[in-house]
Structure formats: C-alpha cells, structure tokens
Amino acid sequence: LLGELGRRGAAIRVEQADVSQEEALAAVIRRITTEGPPLRGVVHSAGVLDDGVILQQDWSRFAGVMAPKVQGSWNLHRLTADAPLDFFVLFSSAAAVLGSPGQGNHAAANAFLDALAHHRHARGLPASSINWGVWSEIGAAADRGVPGRATLQGLGSLSPDQGLEALERVLGVHSVQTAVIPASWATLVRASPLDRAFLSELLGEDAREADARSSSVSPAEAPALRIQLEGAAPGARPHLLREYVRELATRVLQLDPSEVLDVHQPLNEMGLDSLMAVELRNLVGAGLELNRSLPATLVFDHPSIVELADYLGREALGLGDGEGGEDRASAGTGDLGDLLDSIEQLSENEVE
C-alpha cells in the first residue's frame, strides 16, 4: 500500500510503534496531529500468525495472535474516536467467515475486527472490515506457500494490483463488512465441511442442481473409487487405496507428481505439517464421500501412506484388511446385548 502511494506521488512519513501498546500508539498519533496534516483515515493491517491444530494451541499462542488484531484495533478505535476520519479500514481475513483449519486463533482475532466495524457503524463512525482471501506475491501467506495449497481447496489468490483495486471499490461503496475471496465455490464446498446453505447464492444454479442430485443418490451409487474398491479382489484393494492416498499426499505436499513417495515413510518426515495434515484429512474424506467424519488426528495416528490407506479400507470403508484377514465390516455380529453391557461399564474418561 505504501509503495502504491509512493508511485502516485504521495509524500510518505513512517513512524514505528506496536499498535497493541496504547501509550506508544498514542505518542505516534500526537506527533501526527501536532506536526502533520489532519489525520483523515486509518488502515489497520497489522497481524501475526501462529498456526497449529487446536490440540497444539494454548492461551499464549492465542494472545500473541490476538494482540495486534484485537488490542491494536481497539486502541486505534479509542484514540481516533474524535478525529474527523473519512475512513477506518480493518484488514480482516476470510478465516473469520469460512473458517481455516489450524487457524482458530487467527479466525477469532479477525472476527473481532468484523465486530468492531459493526460497533463503529452503529455509533455513526466510519468503518469497513474486509475479509481478505489469500494474497499472492506479498505477505505472510505468500511466504508460507499458502496460495498453492489453497488452490487444492478451490480458493484462488489476489495479486497486489487486484487487492488494491478491491480496496478502492470497498472504500467507494462504504460497506461495513465485505469478503474479497476469489474461489471456485462448488470446489470449495466439496473439499471442506462448509455449510452449503450458507454459500448457496454463490454456488450458482448448476452447482445447486448438482448438489440436489447428489443428495438424492441412493447409498448404492457410491463414488467411482468406492465402486472400484468394492468390485476389486481383496488383494487388490490396498494398492488402489495407497495410490489414492499417495496422489492426494503429493498434491498437499506440492511435490512433482512424477516423484515416487516411500509409502512406508511417515509423511511428516516428507514435510507434512499439522495444517497440511488437516488438509489431507479433508481431501481424503471428500474424495471418498464418507457418511461420517474422519478423526481429527487421522494422519497423526496413521502417519504413512500404507498405514493411512489400510485404516481407510478397514475402518472407514469396511472393506477388510485386503490380505485375507477378516472383513471387519461383517465382524462383530455377536450378541448386541453383551456389547451394550460392556459400553455401559466404561467410565466417562474411557468413553472419551
């Protein structure tokens, strides 16, 4: 943003302060009001990331991410409440609208920005919160390779020029909250647990009709891979599932499709982090169109391609172990009463 202003001939003065520290920010604003032209606008674009699945999060990691967003935006709001501002722009995130695996702290922090914009609007103060999608070329997301992984889920990315054009349009319409998210919505809904009703107006008529058709399909009309697995000889099933998992793992890891992966090597040793593990789990479930959710710890509990594929065939699809062992889908047909009795004897901790 500063670079674009510079190209347009604007005089730029830079001050450095932590927006989450009220005294330091107040000193900057005092210098602006006493030494410079009148303050007429605020763009809050500060933020840090500390991603991790919820089991790896703690309060200190939430506090670190929320400080520049929550405390920083609130400080700016309070310290400029009496200034005759033309605009007060908050750079929020699509994570606060769509959710984002591994970014519970980031989603919560940006949801505060959205709420603050509505609070200011209710008080008659200028405010625009923008739920940005992924930017390419610049920023933390680009540095972390997010645009490439987001493409797998149906999300596109914004170039800096597209982002500035969108910012100009938002400022022109004075919208309180706007989501700027390039996406293939039908792909995004299929690849994630998003509520179809929430996004129905974005899916388009063709996608809605496809959703309606898919919801009326009988259980026997399984996806192509499911049909292939069920029709295959037991000994061939492990290979089919391993190839399926290997292809998805290659995509999530952003590896060359021609690269041969060691199906016995733990995926985390190949560079799979906790966020990628969640992405892989979601893609696996969406591709198999399972009737139940896969465990959140799926890839941690079954870290290699072989282990993951074997689990899917045995537990998720009920196809048996594929090596002549007992088909677990048909096992356990003994006395249901004994089973229920054994469940009732479990403590609450054992049930969890």
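Starting from 1, residues in each chain are numbered consecutively following that chain's sequence as written. With the structure being a predicted model, the display of local features is reserved for residues of pLDDT at least 70 and the display and counting of side-chain atom pairs for 80 or more, all residues being used for whole-chain, interface and lining totals. Side-chain calculation: all heavy atoms of the structure are included, whereas hydrogens and water are not.

What to know about the overall build of the protein chain
Filter applied, for reference: Numbering of helices and strands runs from the N terminus; a helix is a DSSP stretch of H or I covering at least four residues, while a strand is a stretch of E covering at least two. For every residue, the accessible area obtained with a 1.4 Å probe (protein chains only) is divided by the maximum for its type, and the residue is called buried under 20%, exposed over 50%, and partly exposed between those limits. Only heavy atoms enter the contact rule, under which two residues are in contact if any of them lie within 4.5 Å. The method behind every accessible area is Shrake-Rupley, applied with a 1.4 Å probe, and residues are considered shielded solely by the protein chains displayed.
Along the backbone of the protein chain there are 17 helices and six strands. Across the 352 residues that make up the protein chain, the buried fraction comes to 41%. Long-range contacts, defined here as pairs at least 24 residues apart, represent 65% of the contacts in the protein chain between residues at least 6 apart. Surface accessibility of the protein chain: about 19,700 Å² in total, with carbon and sulfur atoms responsible for 52%.

Considering the side chain of Ser128
Within the secondary structure, Ser128 is located in strand 3 (residues 128-132). By relative accessible area, Ser128 is classed as buried at 8%. For Ser128, the residues in contact, after removing those within four places along its chain, are Phe88, Val89, Leu90, Val170, Ser175 and Val176.

Re the environment of Trp185
Here Trp185 shows up in helix 9 (residues 185-191). In the structure, Trp185 is positioned 14 residues away from Leu199 in sequence and 7.8 Å away in space, judged by C-alpha atoms. Dropping the residues within four chain positions of it, Trp185 is found in contact with Leu98, Leu199, Leu202 and Leu203.

Topic: the sheet that holds strand 2 (residues 87-93)
The condition is simple: DSSP-based pairing: two strands are paired if at least 2 bridges between them are found. All axes are obtained by fitting lines to C-alpha atoms, using only the stretch in contact for helices, and the reported angles, taken between N-to-C directions, cover 0 to 180 degrees.
Pairing in this open sheet of four strands is parallel, and the strands run 1-2-3-6 from one edge to the other. Because the sheet does not close on itself, it has two edges, and the strands there are strand 1 (41-44) and strand 6 (177-180). Each strand of the sheet is rotated relative to its neighbour by a mean of 20°, with strand direction disregarded. Sheet topology places strand 3 next to strand 6; four bridges connect them, and they run parallel. Note that in strand 6 the partner of Ile130 across the bridge is Thr178. Where helix 5 (residues 104-122) meets the sheet, its contacts fall on strand 1, strand 2, strand 3 and strand 6, and the angle it forms with strand 2 comes to roughly 155°.

Side note on the pattern of salt bridges
Applicable threshold: Whenever a carboxyl oxygen of Asp or Glu lies within 4 Å of a side-chain nitrogen of Lys or Arg, that contact is scored as a salt bridge.
On inspection of all chains with the given rule, the structure shows eight salt bridges. In this structure, Asp86 engages Arg40 in a salt bridge whose closest nitrogen and oxygen atoms are separated by 2.9 Å. Taken together, the residues span a long stretch of sequence, with Asp86 in the loop between helix 3 (59-79) and strand 2 and Arg40 in the loop between helix 2 (22-35) and strand 1 at a distance of 46 residues. Connected via shared salt-bridge partners are Arg13, Glu15, Arg31 and Glu35.

Examining the nonpolar core
Going by this rule: To qualify as a nonpolar core, a set must consist of buried Ala, Val, Leu, Ile, Met, Phe, Trp, Tyr and Cys residues joined through side-chain atoms within 4.5 Å.
Formed by 31 residues in total, the largest nonpolar core has its most connected members in Leu267, Leu272, Leu280, Val284 and Leu312. The element best represented in this core is helix 12 (residues 237-252), accounting for seven residues. With sequence-adjacent residues up to four places away left out, Val284 is seen in contact with Tyr244, Leu248, Leu294 and Leu312. Listed in part, the 14 residues of the second largest apolar core include Val19, Leu39, Leu90 and Val176.

Thoughts on the pairing of strand 3
Here strand 3 lies mainly inside the structure; five of its five residues are buried. Burial along strand 3 is two-sided: Ser128, Ile130 and Trp132 facing one way and Ser129 and Asn131 facing the other are all buried. Where strand 2 meets strand 3, five bridges bridge the pair, whose relative direction is parallel. Within strand 3, the residue paired with Leu90 across the bridge is Ser129.

Some words on the packing of helix 11 (residues 224-231) against helix 12
To be explicit about the condition: An angle below 35 degrees is treated as roughly parallel, one above 145 as roughly antiparallel, one from 65 to 115 as roughly perpendicular, and anything else as oblique. In this scheme the crossing of two helices becomes right-handed for a clockwise turn of the near helix relative to the far one and left-handed for an anticlockwise turn of less than a right angle. Amino acids are sorted into nonpolar (Ala, Val, Leu, Ile, Met, Phe, Trp, Tyr, Cys and Pro), charged (Asp, Glu, Lys and Arg) and polar (every other residue, Gly among them).
Running from N to C, helix 11 and helix 12 cross one another at 160°; their axes reach a closest spacing of 9 Å. On the basis of their axis angle, the class for helix 11 and helix 12 is roughly antiparallel. Crossing angle aside, the handedness with which helix 11 passes helix 12 is right-handed. Contacts from Leu225, Gln228, Leu229 and Glu230 of helix 11 reach helix 12 at Arg237, Leu240, Leu241 and Tyr244. Across the contact of helix 11 with helix 12, the residue classes tally to five nonpolar, one polar and two charged.

Some words on helix 8 (residues 160-173)
Because an α-helix packs 3.6 residues into every turn, residues spaced three or four apart end up facing the same way. Rules: Any helix carries an expected span of 1.5 Å times its number of residues minus one. The reported arc concerns the directions from the helix axis to the C-beta atoms and nothing else.
Across its 14 residues, helix 8 extends 20 Å between first and last C-alpha, which sits within 8% of the 20 Å expected from 1.5 Å per residue. Where helix 8 is concerned, the buried positions are Pro160, Gly163, Leu164, Ala166, Leu167 and Val170. Relative to the axis of helix 8, the buried residues are bounded by an arc of 160° and lie together on one face. Those residues of helix 8 that are exposed and angled more than 90 degrees off the buried face are Asp161, Glu168, Arg169, Gly172 and Val173. Just beyond helix 8, the residue with positive phi is His174, at close to 55°.

Quick look at the environment of Ala96
Looking at the secondary structure, you find Ala96 in helix 4 (residues 95-98). What Ala96 contacts, discounting residues up to four positions off in sequence, is Ala107, Asn110, Ala111, Asp114 and Asn131.

Description of the packing of helix 12 against helix 13 (residues 274-288)
It is at 10 Å that the axes of helix 12 and helix 13 come closest, and there the two elements cross at 140°. It follows from the interaxial angle that helix 12 and helix 13 lie oblique. Seen from above, helix 12 lies across helix 13 with right-handed handedness. Facing helix 12, whose interface residues are Tyr244, Leu248, Ala249 and Val252, helix 13 presents Met276, Glu279, Leu280, Leu283, Val284, Gly287 and Leu288. Within the contact of helix 12 with helix 13, the residues separate by chemical class into nine nonpolar, one polar and one charged.

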